[in-house]
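Here are the chains, one letter per residue:
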Amino acid sequence: VQGTGASSAVSKCSTAARGYIQDRFLRLLAGRRRRRAPLIHRGYYIRARAVDHCVQDFLLKTQTLPRTQILSLGAGFDSLYFRLKDMGLLHHTVVYEVDFPNVACQKAALIKGVKELSALVGDTGGEGLGAITFSGDDYKLLGVDLSELSELERALEEAGLSNEIPTLFIAEVVLTYMENTRSDALIQWAAEHFPQACFLLYEQVHPEDPFGRVMQQHFRQLSTALRSLAQYPDCQAQQRRFLGKGWTECSVMDMNEFFTCCIPEDEQQRVQTLEPFDEYEEWHLKCSHYFVLAASKGMEPSWTPLSPSMTVPCHAGPVGMVGSVPAAVCARLSGIPGLRRYGHHSVLIKPNVILTTGGFGEEDGQHCRVRNFHVLSKHAGHWEAVCVTQNVPDKRWDERLYHTVSCLSDTLALVVGGRTSPSSTGLGMLWLKFPKTSGTSGPDDVAVERVSLQPAAEAAALRWRHSTTEITFKGEQYLFVYGGRSALEPVLGDWHFLHAPELCCTAIAVEGPAPESRHSHSACSWEGGVLIAGGLGAAEQPLGSVFLLRELERGFQWQTIETHPPLVPRYSHTAHVHGGKLLLVGGVWFHASSVPGVTVIDLMTGLCLNYVINVEHLEWPLMLHNHSSVFLPNEKELLVIGGGGNCFSFGTHLNPEPVLLSLSSILTSH
C-alpha cells in the first residue's frame, strides 16, 4: 500500500512537469522523477482537479469563520498543505496529515531537509509528542495506522484536532485498501464526532466489467487488493454507504461526468492539446472506473456539481437491455499471438477468407506495432489462421494502426490512412496485392505497394480513425473517405469521393446538413450510399447520431436517421448491415453501469434495441473496443478479432482469441 503512495507521487510530479497542473512542491516531495505517459497524466490531472474542486469549495464556504481544519487521511507525499499555504489560503485553517508511521517519518525528514518546504511551515518543534512526526503552527504530520481507530482518535486529539470546528476529511484512494468494517467505522466516526463536516472520497468503482477486472487483477498482483469494491461496486452504493453512516448530504459522480460537468470548456481544451494523445477509449474507461464523492453534515453541501459552464447533460441512468447474445471462443484460433491486437483492420477478401492487418499487439513475444498479416479461412466448418510475412524489404507493411482496408477485387485491396505515433503526419495509401489463388484457402503472400497519389487525393489519406466505404454513383464504384483525425486536427468532418481503381478525387454534389465532425465512428455501405453511426466528436464527447448519405439523381444527400429510444452515444464500435437492420458491436460509452454489447437499429422504423453480450463461456475479460469484426451472413454470426488497449497504469489487455457472437435469435426475433 505504501508503494502505491510513492508511485502516485511520481505520477503527480510528472503530471505537473508537463503543465497539466500547477504545483512546484511535488518535485520536492516525490523523490525520484520519471516521465509518465500522456494517459497517466490525464488520469492524475482529473484526480487533482476533483480534490482541488472540493477543497477550494470548503475553504470558500468557511472563509468568514474564525477557525477550520482539514484532515488528510493516508496523505502520503501529497503537497496539498504547501500549495494552500503558498497561495495564502490557510489564514485560519490547520492541516492535519495522517499516514503510516514510517511514511510520516520519511516525509518529516524530507520537509526538514528541504529549505523551501521547512521555511513555509516554520518548525515549532512539536514532534516527538505521541504520533507527531512534524509540527508547525498550521500543519501537523502524524504517523498512525488508519485502521486502528482508537489510536487515530487519541493521536489527533493530542495534536490539537477539535471536533468543535468545521472539518474537511480527505481520503484519496485510501479507504479501499482497508477492511470494510474498519473503513465504515472511520466514516461513521467522522460523522458522529464532528457536527460540522465534509468528507471527500476519491476511489475506484465497477469491479466486474472487463476494465474493472483488469484493474482488480493489477491491484491484487501488487498485494493491495481493492477491498471496498465487492460491497460498494458503484456510485449509488457509495452514496448509500455515507448516508447510512450519519452524513446528511452526499453527491457523487464518476470522472467522465466530473470532466464534462465541472471543468470549464476552455480548460478542457487546454488539457486536450498539451500532448499528442490517441488513447480516448482508455481515458474514458479510466474515468468511468473512478468517482469523486462529497458528503456533508451540519454545513452546506461541500460541492455542487452543476457549474455554469455545463453544456452537456450529465449522464443518465442505466441502459435498457432487451436480451442477450451468446459469445463463444472460436475453436482452433486460440494460442495465435498475432490475433491479439488492437487498432487493426480485418476485411473479407472473398467468402470465408479474412485478412487482418496492422494494429498494436503481440509479436515475437513482445508488445509492438504488428508487422505481419494474418489470414483466417474457414474449412469444413472450422476457422484456421496463417501468418503471412512480407519478404521483400522495400515492400513491407509500415506498421500502421487505425487505418482502413477496402477490398476492390479478389486480388487487390486498398489501405487508406492510419498512423504510427499520435504525432505522425499520416501515412498515405498502400495497395495490397494477392496472387490469384484457386480453392478456399487465403493468399500465402501479400505484396505491399505504395500508391502514388495526385495532390487532391493526398488529403484523403492523411488521417486515421476515419472510415472508407464502397459506394455507387451512376453505376460507377467509388470509395467514400469520411471523418477521422490527423496530427493537426483532433477531429475531421470532411469527405472525399475516390473513383476506383485509379483513385482520383471526384467532386460530387452533397446536399443537406452535414454530420458534425467525428472520428472512431462506424460506416457501412447500404443501398448505394453510406450509413454513419456514433463516433467521438469535437469536445471528446461520444455522439449518438446516425446519418445516411443517400444517392440522388445529381449527387448525394445527408439524411438523419431518427432512432427511438435514442441511440446511446458511443464510439470505437464496429458496424454491419443485414436485412434492413444496422448492427453496432461494442464500443465505449459513458454509461458506466454496463458495457456496450450489440445494438440493432431497424432502418425502416428507427427502433433501437440493445443486447448484452453473454460472456459466461469466456474465461477472460472481453474488451470490445479497438476490435474488428466480420459478419458471416449465412451463419448469422459475427467473428470478433482482437480488441483491448492500455488499461491506464494497470497494464495492456489484449483479447486473447477471436470470439464468435451468434446473432440468429436477435435477427429473426423482430
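Refer to the preceding data block for the structure.
Notes on the structure in this doc start here. (Residues numbered from 1 in each chain as written. Predicted model: local features only at pLDDT ≥ 70, side-chain atom pairs only at ≥ 80, totals over all residues. Heavy atoms only, no water.)

Remarks on the sheet that holds strand E6 (residues 197–204)
Part 1 of the argument: Sheet architecture is open: eight strands sit in the order E3-E4-E2-E1-E5-E6-E8-E7, paired in mixed fashion. Pairing within the sheet leaves two strands with one partner each, and these edge strands are strand E3 (132–135) and strand E7 (249–254). Going across the sheet, the axis of each strand differs from the next one's by a mean of 15 degrees, ignoring polarity.
Part 2 of the argument: Where strand E5 (residues 167–172) lies against E6, six bridges are found, and the strand directions are parallel. Considered in E6, the bridge of Ala171 is made with Leu201.
Part 3 of the argument: Those strands touched by helix H11 (residues 255–262) are E6, E7 and strand E8 (290–297), and its axis lies near 95 degrees from that of E7. (Pairing = 2+ DSSP bridges. Helix = DSSP H or I, 4+ residues; strand = E, 2+ residues; numbered from the N terminus. Axes fitted to C-alpha atoms, helices over the stretch in contact; angles between N-to-C directions. Contact = heavy atoms within 4.5 Å.)

Quick word on the nonpolar core
Part 1 of the argument: Val55, Ile70, Met255, Phe258 and Phe650 are the most contacted members of the largest nonpolar core, which has 75 residues in total.
Part 2 of the argument: Per-element tally for this core: the top contributor is helix H3 (residues 38–61), with 11 residues.
Part 3 of the argument: Inspection of this core shows a minimum of three residues originating in each of domain 1 (2–297) and domain 2 (321–662).
Part 4 of the argument: Counting residues in each nonpolar core, the second largest holds 37 residues, with Leu71, Leu142, Val144 and Cys235 among its members. (Core = buried A, V, L, I, M, F, W, Y, C linked by side-chain atoms within 4.5 Å. Buried < 20%, exposed > 50% of the residue type's maximum accessible area, 1.4 Å probe, protein only. Domains from an automatic or database assignment.)

Digging into the pairing of E5
Part 1 of the argument: With six of six residues buried, E5 is to be regarded as a mostly interior element.
Part 2 of the argument: Of the two faces of E5, the one holding Thr167, Phe169 and Ala171 and the one holding Leu168, Ile170 and Glu172 are both buried throughout.
Part 3 of the argument: Of the pairings in the sheet, the one linking strand E1 (residues 68–73) to E5 comprises five bridges and is parallel in character. Note that in E5 the partner of Leu73 across the bridge is Ala171.

Examining the packing of aromatic side chains
Part 1 of the argument: For the coordinates displayed, the defined rule picks out 31 aromatic pairs.
Part 2 of the argument: Arranged with centres 5.8 Å apart and planes meeting at 55 degrees, the rings of Phe82 and Tyr139 form a pair that is tilted. Linking Phe82 in helix H4 (residues 80–86) with Tyr139 in strand E4 (residues 139–143), this pair joins segments that are 57 residues apart in sequence.
Part 3 of the argument: For Phe82, a relative accessible area of 0% puts it in the buried group.
Part 4 of the argument: One aromatic cluster is present, built from ring pairs that chain together Phe473, Phe480, Tyr482, Trp495, Phe497, Phe547, Phe556 and Trp558. (Phe/Tyr/Trp six-rings, centres within 6.5 Å; stacked < 30°, edge-to-face > 60°.)

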